[in-house]
Each structure stands twice: as C-alpha cells, then as structure tokens.
Amino acid sequence: MFSQEAKSSLWRSVPVFFKGIVPTAIGYCSQGTLKFGFYELFKYYLGATGRGGAMSVFIFLLSSCLAELLADLALAPWEAVKVKIQTNKQMPTVLGAVLQLMWAEEGIQAFYKGLVPLWGRQVPMTMMKFASFEKIVVTLHYLARHRKASNVKNLIITVLAGIFSGVLCTIVSHPGDVLVSRLNQKVVEPQTNLETDRGLLGVIRAIGWRGLWKGLSARIVMICCITASQWFIYDTFKIAVGLSTTGKAKN
C-alpha cells in the first residue's frame, strides 16, 4: 500500500510524535491529581451533594474553576518545557539540561510566563468538562433505567459521558490552547532576522480569528480520548474503594 520510501519516511517521523512526552507526562499527572482532588474537596465543602438545578451547576462550575486555578500552578512549568522542546530544534534532549537552560535565560519567568493564557485555556475547559460531565452522566443513567447495573455498564456510561463532555470542553478551550503554544515560541522578525517574543495581543493580531481555531478537529479527538480515560480511571478508583460511580444514584 505504501512505497518503500514512504514507509521509511513514516518510520523516521515516529519519534516526532513523542517529542516532549516526559514533561507532558509529569505536568499532566501532577495537574490531574491535584485537579480531581481539589474538585472533590471544593464540591464537598460547597455542598453540592443533594442539590439540584441551577445551584448544583453553579457549585460544579465554581469547584472546578478553583481546582484548576490551583492545579495549573503545577502544570505551567512543564507545559513551558514541553513547548520549548517541541518548537526549538536547538534545545537539548535531556530534561535536566532544558530546565537549566531555561532558568539561565529567563529565570522563573520562563516557566510561568504562559500561566495566564494557560488559565485561559484550562479553566474554561475544566469548568465545561466537570459541569457538563456531571449533568450528562446523570442523564445517561436516567435514560438507561437499569436496575442494579454492573460496574462494567456504569463505566461504559462514564466513558460515553466523558466523550460528550470532551467535545464541549475542547471547543471552549481551543483558542487558549493555540495562544499558549504561540506564546512559548520565539518569532523571527523579517525586518531584522532576529528572534523576539510577542505578547498576548501581538500573537492574536498575528494569527487572526481563524488561526485561533486551527487544528480543532484533531484536538477534539485527542481531548475526547483523554477526558474519557480520566473519568474512567477516576470512577474505577471510586469503585475500588467502595463508592458509586459519578452520577450513579445509590441503590
């Protein structure tokens, strides 16, 4: 189906897909752990249990917002490292060397200059992810109307709700994702042929409205897989410790 040359080219490009995987794994594992933990704490102390209607949605939104603001403090440095590795060919491949170089160039600013745009991407995304999931999963359980369903069936509903919420949160967060990536890149100015940093407004003017939505379809696929996996792991853990899956009414 593919020529030998095409197969060879495809094989050589495989490592590109895994470039920056170490900081990505560290960052999102740290962020995910903090996010889900803080969300449950805030949801509990704000009294989401037993509430319905608009008040429950408000608590879900507020809890997820606060949780993401805190969790992104752990994600921001690793997101900056990942983007540097992926976009700068001169960067070393050893993680420790990348950290030292970034610190030497800009200090702490190198790791947190993308924090505000990161919040702009992650906070709306998480608010949509958690609030929509909470409502979608309850709706799916109601529509299924199964009696004492097995944990497998409950987890299938969890995955489906994760996919639906993944689509919604991707659409909400995609412009922020584009801005975070662009802000961590250096741009070569044609007049001087020198590398320079552009601020948030400069990036927006440079890429335009359409540029903010570039790559949306591919990201929907990625985020749906990630979101469904996160909720699957989370609800599997809840089952393991004897709790009901999210949105499942107690029998």
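Residues numbered from 1 in each chain as written. Predicted model: local features only at pLDDT ≥ 70, side-chain atom pairs only at ≥ 80, totals over all residues. Heavy atoms only, no water.

## Comments concerning the overall build of the protein
- Along the backbone of the protein there are 9 helices and 2 strands.
- Secondary structure of the protein in N-to-C order comes out as α-α-α-α-α-α-α-β-β-α-α.
- Burial analysis of the protein (251 residues in total) assigns 37% to the buried set.
- Put simply, 74% of the contacts in the protein that link residues at least 6 apart link residues at least 24 apart.
- With an accessible surface of roughly 14,700 Å², the protein has 67% of that area assigned to carbon and sulfur atoms. (Helix = DSSP H or I, 4+ residues; strand = E, 2+ residues; numbered from the N terminus. Buried < 20%, exposed > 50% of the residue type's maximum accessible area, 1.4 Å probe, protein only. Contact = heavy atoms within 4.5 Å. Areas by Shrake-Rupley, 256 points an atom, 1.4 Å probe, with all protein chains shown as cover.)

## Details of the UniProt feature "transmembrane region" (unreviewed entry) in the protein
- In this numbering, the UniProt entry assigns the feature "transmembrane region" (unreviewed entry) to residues 53–75, 155–174 and 216–234.
- Taken as a whole, residues 155–174 contains 100% helix and 0% strand, while its terminal C-alpha atoms sit 27 Å from one another.
- Annotated as residues 216–234, this span is 100% helix and 0% strand, and its ends, taken at the C-alpha atoms, are 26 Å apart. (UniProt positions renumbered as here; feature names shortened; annotations may be inferred.)

## A closer look at the pattern of salt bridges
- Taken as a whole, this structure holds 4 salt bridges when the rule is applied.
- Across the pair Lys35 and Glu68 runs a salt bridge whose closest N-O atoms are separated by 3.6 Å. Of the two residues, Lys35 sits in helix H2 (residues 21–45) while Glu68 sits in helix H3 (residues 53–87), which places them 33 residues apart along the sequence.
- By relative accessible area, which is 1% here, Lys35 ends up buried.
- For Glu68, a relative accessible area of 0% translates into the label buried.
- Here Glu134 makes a salt bridge to Lys43, at a shortest N to O gap of 3.0 Å. Residue Glu134 is located in helix H6 (residues 115–144), and its partner Lys43 is located in helix H2; the two are separated by 91 residues in the primary sequence. For the residue pair Glu134 and Lys43, the accessibility class agrees, reading buried in each case.
- Each of Glu40, Lys43 and Glu134 takes part in a single network of salt bridges with overlapping partners. (Salt bridge = Lys/Arg side-chain N within 4 Å of Asp/Glu carboxyl O.)

## Examining the side chain of Thr170
- Relative to the assigned elements, Thr170 resides in helix H7 (residues 151–183).
- We classify Thr170 as buried; its relative accessible area is 0%.

## Focus: helix H4 (residues 95–106)
- Compared with an ideal rise of 1.5 Å per residue, which puts 12 residues at 16 Å, H4 spans 17 Å between its outermost C-alpha atoms and is within 8% of the ideal.
- Just downstream of H4, Gly107 is the residue with a positive phi angle, here 70°. (Expected span 1.5 Å × (residues − 1).)

## Description of a nonpolar patch on the surface
- Taken together, Leu70, Leu73, Trp103, Ile108 and Tyr112 make up a surface patch of nonpolar side chains, about 480 Å² in accessible area.
- Looking at where Ile108 falls in the secondary structure, it is placed in the loop between H4 and helix H5 (109–112). (Patch = residues over 30% accessible without salt bridge, like charges linked within 9 Å, V, L, I, M, F, W, Y side chains within 5 Å.)

## Here we look at the environment of Ser63
- Tracing the sequence through the fold places Ser63 in helix H3.
- We classify Ser63 as buried; its relative accessible area is 0%.

## Section: the packing of aromatic side chains
- In the structure shown here, the tally under the stated rule is 10 aromatic pairs.
- Where Phe130 meets Trp231, the ring centres are 5.2 Å apart and the plane angle is 70°; that geometry is what we call edge-to-face. Here Phe130, found in helix H6, pairs with Trp231, found in helix H9 (residues 216–240); they are 101 residues apart in sequence, far enough to count as distant. Pair check on accessibility: Phe130 and Trp231 agree, each one buried.
- Considering the side-chain rings of Trp231 and Tyr234, the 5.7 Å spacing of their centres and the 70° angle between planes classify their relative orientation as edge-to-face. Here the residue Trp231 and the residue Tyr234 both occupy positions in helix H9, the gap between them amounting to 3 residues, near one helical turn.
- We classify Trp231 as buried; its relative accessible area is 1%.
- Of the aromatic side chains, those joined through ring pairs into one cluster are Phe36, Tyr39, Phe130, Phe133, Trp231 and Tyr234. (Phe/Tyr/Trp six-rings, centres within 6.5 Å; stacked < 30°, edge-to-face > 60°.)

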